[in-house]
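Observations on chain architecture
Chain by chain, the residues run as shown.
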Amino acid sequence: MGAIIFLILYLAIFVLWIAGMWKVYVKLGAPGWACIIPIYNIYALMQIFKWETVKLIFFFIPVVQLY
């Protein structure tokens, strides 16, 4: 019973998080569905803030990622 309640709360928080991120992406001018796709969401933010897309590779290198 406790696991079902936990799952429902977890899903509710997850849906609220997705809805919030969706609004942020739309307000910034990106498609809302971009927040759901794992690598594409970083790429979309890089396009919005006009960063070089080559820096996307840096997200996969552990120490360089902090830069």
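Whatever comes next refers back to the structure up there.
Here we summarise the structure given alongside this text. (Residues numbered from 1 in each chain as written. Predicted model: local features only at pLDDT ≥ 70, side-chain atom pairs only at ≥ 80, totals over all residues. Heavy atoms only, no water.)

A few words now on the nonpolar core. For soluble globular proteins, the rule of thumb is that nonpolar side chains tend to be buried together. The biggest cluster of nonpolar side chains holds 5 residues, and these are Tyr25, Ala30, Ala34, Cys35 and Ala44. Excluding anything up to four places from it in sequence, Ala30 contacts Tyr25 and Ile48. (Core = buried A, V, L, I, M, F, W, Y, C linked by side-chain atoms within 4.5 Å. Buried < 20%, exposed > 50% of the residue type's maximum accessible area, 1.4 Å probe, protein only. Contact = heavy atoms within 4.5 Å.)

We now examine the pattern of salt bridges. One pass over the full model with this rule turns up 1 salt bridge. Taking the shortest distance from any N to any O, the salt bridge between Glu52 and Lys55 comes out at 3.4 Å. (Salt bridge = Lys/Arg side-chain N within 4 Å of Asp/Glu carboxyl O.)

Secondary-structure assignment places Asn41 in helix α2 (residues 38-48). Owing to a relative accessible area of 17%, Asn41 belongs among the buried residues under this scheme. Other than its neighbours up to four places away in sequence, Asn41 contacts Tyr25, Ala34 and Cys35. (Helix = DSSP H or I, 4+ residues; strand = E, 2+ residues; numbered from the N terminus.)

It is worth stressing that arrangement in space is one thing and function is another; only the former is reported here.
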